[in-house]
Amino acid sequence: DTNRFDRAEDELGRALGLADSAGAASGEARGEILTSLGLLDEARGRYTEAEARYRQAIADARSRGGPGHAAMARRLSNLAVLVMNQRRLDEADSLLDAAIATWRGATAPFDSLELATGLYNKGGVLRRRKAYAEAEPCYREALGIYRRLQQPVHDQLRDGIRDADRERQRPARRWTPLQRFEQFA
């Protein structure tokens, strides 16, 4: 596997060099190459490098005035998943909000399966925060898209909806003053 990763990195590095030498005409290609390099770095466990590549791809697109397209949403989502896995939930939440908004307002066509994945990931961030009621609509919308596209449904998506249902049905707990004190003591 290491040899395949090395070869892929070499090829992507050459492609990035060609894109850089072509200048502005290859701006979108450069962003896709940086994103691919980020995915490769992430797969190799090089998270700092992956984050830098994703951020560069996002910055390049913003500098060209092109934040409203599906490729930008994918880049934001890739970065969000990376930081979510590092337990940087506030940042992941903001990035996913931006990605979802970009997919919803995309000026170019996109695969709605990408939106479903973004919604699923947003639900995952909220679920990690135990904000089940907020996660539920994300999971339910993602589920609707998966079903409409006849895609397999993740077990974690079903688990998220189940957790939200369970939390909603749980009666509110009433704490005695002693229990409150013991909880924080």
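Residues numbered from 1 in each chain as written. Predicted model: local features only at pLDDT ≥ 70, side-chain atom pairs only at ≥ 80, totals over all residues. Heavy atoms only, no water.

Visitor: Explain helix α8 (residues 155–169) to me, using residue names and the numbers behind them.
Guide: With 15 residues, α8 extends 21 Å from end C-alpha to end C-alpha; this agrees with the ideal 21 Å at 1.5 Å per step. Residues of α8 that are buried sit in contact with α6 (112–128) and α7 (132–148). (Helix = DSSP H or I, 4+ residues; strand = E, 2+ residues; numbered from the N terminus. Expected span 1.5 Å × (residues − 1). Contact = heavy atoms within 4.5 Å.)

Visitor: How would you explain the side chain of Glu9 if you had to name every residue and give the values?
Guide: Here Glu9 shows up in helix α1 (residues 2–22). A distance of 2.6 Å separates polar atoms of two side chains, one belonging to Glu9 and the other to Arg46. Beyond its immediate sequence surroundings of up to four residues, Glu9 is in contact with Leu37, Leu40, Asp41, Arg44, Arg46 and Arg53. (Polar contact = N/O pair within 3.5 Å; in protein donor to acceptor, adjacent residues only side chain to side chain.)

Visitor: An account of the environment of Ala50 is needed here, citing residue identities and associated values.
Guide: Secondary-structure assignment places Ala50 in helix α3 (residues 47–63). You can call Ala50 buried: its relative accessible area is 0%. For the pair formed by Ala50 and Leu37, sequence separation is 13 residues and the distance between their alpha carbons is 7.2 Å. For Ala50, the residues in contact, after removing those within four places along its chain, are Gly38, Asp41, Glu42 and Leu82. (Buried < 20%, exposed > 50% of the residue type's maximum accessible area, 1.4 Å probe, protein only.)

Visitor: Describe the confidence of the model for the protein chain, with residues and values.
Guide: Averaged over all residues, the pLDDT of the protein chain is 84; the fraction at 70 or higher stands at 85%. Within the protein chain, the element-level pLDDT minimum falls on helix α9 (residues 177–184), averaging 65, and the maximum on helix α5 (residues 89–104), averaging 95. (pLDDT = per-residue confidence, 0-100.)

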